[in-house]
Amino acid sequence: MAVFAFEPLVPADLEFNEHDVPVSALYQDSYHPADGPLGQARRVFLQGNGLPERWRGRSQFTICETGFGLGASFLATWQAWRQDPQRSQRLHFVSVEAHPFRQADLATLYARLPEQLQAQAQELLATWPILVPGIHRLELDGGRVTLTLAFGQAETMMRELQCHADAFYLDGFAPRGNPAMWSRSVLGQLVRLAAPGATAASWCCAGQVRRDLASVGFEVEKVPGAGGKWCTIRARLRPHLGRRGSVPPQQGRVVVMGAGLAGAACAWALARKGVPVLVCDPALRRGLDATHQGHRLAAISPVFALDDAPLARLSRNAVLHAWQGWKDLPEAARPRRVGTLVFGQAGNSDADIQQALEHLALDQGWVQWLDREQGSALAGVPLQGGGLYFPQGMVVNPGALVAHLLDHPLIQCLPEQVSLRVGQEPNVWEVCNQQGECLESSNRVVIAAAAQSLSVLPDEFLAQHPMPRLAAMQRLAGQVTYLSAEQALTRGEVTLSGQGYILPVGPQGQVIGSTYERFGESAQASSQGHQQNIEKVSAMLADPAVAVATPEQGWAGWRCALSDHLPVMGFVPGQPGLFMAAAYGSRGLSWSLLAASLFAAYCLEEPIPLERRLEQALIPR
Ligand SMILES: Cc1cc2nc3c(=O)[nH]c(=O)nc-3n(C[C@H](O)[C@H](O)[C@H](O)COP(=O)(O)OP(=O)(O)OC[C@H]3O[C@@H](n4cnc5c(N)ncnc54)[C@H](O)[C@@H]3O)c2cc1C
Ligand SMILES: C[S@@+](CC[C@H](N)C(=O)[O-])C[C@H]1O[C@@H](n2cnc3c(N)ncnc32)[C@H](O)[C@@H]1O
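The rules behind these values
- Residues numbered from 1 in each chain as written.
- Chains lettered and ligands numbered in written order.
- Predicted model: local features only at pLDDT ≥ 70, side-chain atom pairs only at ≥ 80, totals over all residues.
- Heavy atoms only, no water.
- Near = heavy atom within 4 Å.
- Polar contact = N/O pair within 3.5 Å; in protein donor to acceptor, adjacent residues only side chain to side chain.
- Helix = DSSP H or I, 4+ residues; strand = E, 2+ residues; numbered from the N terminus.
- Nonpolar A, V, L, I, M, F, W, Y, C, P; charged D, E, K, R; others polar.
- Buried < 20%, exposed > 50% of the residue type's maximum accessible area, 1.4 Å probe, protein only.
- Arc of directions from axis to C-beta.
- Contact = heavy atoms within 4.5 Å.
- Phe/Tyr/Trp six-rings, centres within 6.5 Å; stacked < 30°, edge-to-face > 60°.
- Lys NZ or Arg CZ within 6 Å of the ring centre and 35° of its normal.
- Domains from an automatic or database assignment.
- Buried area = accessible area lost by both parts, 1.4 Å probe.
- Pairing = 2+ DSSP bridges.
- Axes fitted to C-alpha atoms, helices over the stretch in contact; angles between N-to-C directions.
- Disulfide = S-S within 2.5 Å.
- Parallel < 35°, antiparallel > 145°, perpendicular 65-115°, else oblique.
- Left-handed = near helix turned anticlockwise from the far one by under 90°.

Colleague: How would you explain the site of ligand 2 if you had to name every residue and give the values?
Modeller: As a structural note, the neighbourhood of ligand 2 is formed by 23 residues, with G67, S73, E97, A154 and D171 the closest of them. In this structure, a nitrogen atom belonging to ligand 2 sits 3.5 Å away from a side-chain N or O atom of E155. When contributions to the shell around ligand 2 are tallied by element, the ones reaching two or more residues are α2 (72-83) and α5 (154-160). The residue inventory of the shell around ligand 2, partitioned by class, reads 10 nonpolar, 9 polar and 4 charged.

Shown next, in the form of structure tokens:
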């Protein structure tokens, strides 16, 4: 599996030079010319890439930038796009940045921007992510504009990105002080990321940059600027280069098999982008919230690893993505940010964890160490020890969330058990009910049927395309326990998570969990299971929990997991269009939106919201 050499993220320190222009002490260079950032953005990057003309009449247009800086070029582009009545339906902007500004510093910088950019600047500021390495996907302008930020060194992150860029803005600091930003390996990645006909522009005219751009696959032109004082680069990808997505044009509605968290999120992600979806699941007879009926509250809890292993990195991406995507849902379905205090990291001592925290230098807005007193103050009761506190931890009512996701005018829900038959045309599948009737022929199918995810495929297909990793998926029953407000074990607005978990008290009392039944035949709450939950959570508390719950005071269900706890999300190899979303284990709420956005990005040729090495680790095998 892919292992990342961890690179801590070092934010930018805001400083100004004698002309009041923001400068980087690290690179001894200014972020923009003395006459302001917007003139350069329009003159060099927009005009240099033939914009706004080139995005006119298109369904979407994708721009990839090296060096986000203060985002001035992004804001100028977004503004030009908004002002153009013939603009593309969507604008995707992808940018790499090794030293992002802190939100407070961006606020200072944006206060100096002209009035006509303020609305966009403030919207960006409000969604600005916490500064942790990896890919962050922001949706702006009602979802019509996406901003994909890759925080990390360009040499690493350009390799992790995937998009079909129509235009590039090359905007590192001057090559003399910032050679890494103009290296042949970074420029070479532009070709991998380019759509046919892509262009590139830069204020930097250095001979070496022009030669390297030419050698990786661009036709490069040096363009004199006004008055001949400066020149810019304009480049065009050579005609035989550039690529489009590998997914053939859509035939039939998108079909989603399974209406649990995995399926509902995939259906929602496409329906909200205007794509009609058919969702099939026999459980729908019990209502849209069937898979989590009676499950009052569940947690979205981040994972930590001393070496920032793929599961931890994925969890960071997924949890932040879930917040970005779901924070504006109606209140009943919306996750609530309460923070999660995590104890006992896989047998590592507190000292090891604190040392790793220092090395990883992750933003405190993501994770910080709390000692016993600090943790106890947060929980409102004395705790056994200290732990890792994740301020981004959330809780949500999973039934209300699933029901909301499925309740969309472009989603049709059918209470049918279905299976797949190979269709007449390549990559087209027939979705059949138990009577063998074909309900829909489609080349966009999501298999989100948890433990049944392989058995919905034809035997002959599985014989030719075995997926041993998925076949080893385990199904585990489990239950949560409900305590009344009087029985509640904590008082604070925080989730405690160790061997078991304690969620914050709500109007209906408190949820604690959960059990793992490896060989269970059915998923049913029992008094014995409740007792196990009470014992598990006691390990986190200074005073052992004493509570009694009757069987009906709880909820029981299934989870399916692989031994490495990574989920499966991706196209079945060799089957573009056949997407598998399964093995979500105990973290269905964390994984479901990221997987759904990944599927939507493949289908709609949008930038991929996940690092390439992580994406590879998750494909069905
Ligand atoms: C006790 C307990 C507590 C949990 N707490 C949390 C928590 O706090 N946070 C968290 O993130 N996760 C939690 N989980 C895990 C979470 O519930 C799962 O990860 C999640 O439900 C998995 O979603 P899914 O859509 O993959 O599967 P499911 O919800 O099982 O949905 C799969 C659906 O596929 C349907 N299906 C099967 N075969 C077919 C077919 N042939 N045709 C059509 N449909 C089919 C099934 O009917 C089912 O409805 C908990 C799980 C349990 C058991
Ligand atoms: C000239 S500024 C970009 C200005 C920006 N385009 C704007 O509109 O505000 C150059 C940016 O490149 C970033 N940078 C420098 N070296 C980098 C590297 N190796 N990887 C990623 N980003 C880098 C700097 O931190 C800086 O923000």
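There is more to say, and it comes next.
Colleague: Let's hear about helix α3 (residues 103-110): which residues, and what values?
Modeller: Among all positions in α3, only D105, L106, L109 and Y110 are buried. For α3, the angular spread of the buried residues around the axis is 135°, confining them to a single face. Looking at the buried residues of α3, the elements they touch are β1 (15-16), β2 (22-24), α2 and α4 (118-127).

Colleague: Any details on the packing of aromatic side chains? Residues and values, ideally.
Modeller: Within a pair of aromatic rings, the relevant descriptors are the distance that separates the centres and the angle that separates the planes. By the definition in use, this model includes 19 aromatic pairs. Feature note: the residues F45, F68, F74, W78, F93, W128, F151 and Y169 constitute an aromatic cluster, connected by ring pairs. One residue, R337, lies across the ring of W323, its end atom 4.1 Å from the ring centre.

Colleague: For the site of ligand 1, give the residues involved together with the corresponding values.
Modeller: With respect to spatial proximity, 34 residues lie near ligand 1, and among them D281, A299, V418, G585 and L589 are the closest. At 3.0 Å, a backbone N or O of A262 approaches an oxygen atom of ligand 1. A distance of 2.7 Å separates an oxygen atom of ligand 1 from a polar atom in the backbone of G585. Going through the elements one at a time, α8 (261-271), β14 (298-300), β25 (474-483), β29 (554-561) and α16 (588-604) are the ones with two or more residues in the shell around ligand 1.

Colleague: Describe the domain arrangement of the protein, naming the residues involved and giving the relevant values.
Modeller: Each domain of the protein was delimited in the assignment, giving domain 1 (15-237), domain 2 (254-291 + 400-466 + 564-618) and domain 3 (340-391 + 474-561). On a C-alpha basis, the centroid separation for the pair domain 2 and domain 3 is 31 Å. In this complex, domain 2 contributes 7 residues to the contact, which on the side of domain 3 involves 6 residues. Here domain 2 meets domain 3 over a buried area of about 480 Å², counting both sides, of which 62% is carbon and sulfur. In terms of surface lost to domain 3, no three residues of domain 2 exceed A451, G585 and S586, which account for 60% of the buried area on that side.

Colleague: Any details on the sheet that holds strand β17 (residues 368-370)? Residues and values, ideally.
Modeller: Across the sheet, which stays open at both edges, the 8 strands sit in the order β17-β18-β16-β26-β27-β28-β25-β29 with mixed pairing between neighbours. Two strands in the sheet have a free side with no partner beyond their single neighbour: β17 and β29. Bridging between β25 and strand β28 (residues 510-513) involves 4 bridges; their strand directions are antiparallel. Looking at the pairing, T481 lines up with I512 of β28. Docked against the sheet, helix α10 (residues 350-360) engages β17 and β18 (387-390), running at close to 150° with respect to β17. Its contacts with the sheet put helix α11 (residues 372-379) on β16 (340-342), β17, β18 and β26 (495-497), and the angle it makes with β17 is roughly 90°.

Colleague: Tell me about the state of the cysteines, and please be specific about residues and values.
Modeller: All chains considered together, the criterion is met by 1 disulfide. The residue that forms a disulfide with C205 is C231, at a sulfur-sulfur distance of 2.5 Å. With C205 in the loop between β9 (194-202) and α7 (207-216) and C231 in strand β11 (residues 231-237), this pair connects stretches of sequence that are 26 residues apart. Free cysteine: C266, not disulfide-bonded; nearest cysteine sulfur from C603 at 9.0 Å.

Colleague: Please set out the packing of helix α6 (residues 184-193) against α7 residue by residue, giving values where relevant.
Modeller: In the contact formed by α6 and α7, the axes pass within 9 Å of each other and the chain directions differ by 40°. By the angle between their directions, the pair α6 and α7 is classed as oblique. Regarding α6 and α7, the two cross each other, and that crossing is right-handed. In this structure, α6 contributes R184, L187, G188, L190 and V191 to the contact, and α7 contributes V209, D212, L213, S215 and V216. For the contact of α6 with α7, a count of residues per class yields 6 nonpolar, 2 polar and 2 charged.

Colleague: Explain the pairing of strand β21 (residues 419-422) to me, and be specific about the residues and the numbers.
Modeller: Within a regular strand, side chains alternate between the sheet's two faces. Inspection of the sheet shows β21 paired to strand β22 (residues 429-432) by 4 bridges, in the antiparallel sense. Note on β22: the bridge partner recorded for S419 is C432. Here β21 hands over to β22 after 6 residues, with N427 in that stretch at a positive phi of 65°.

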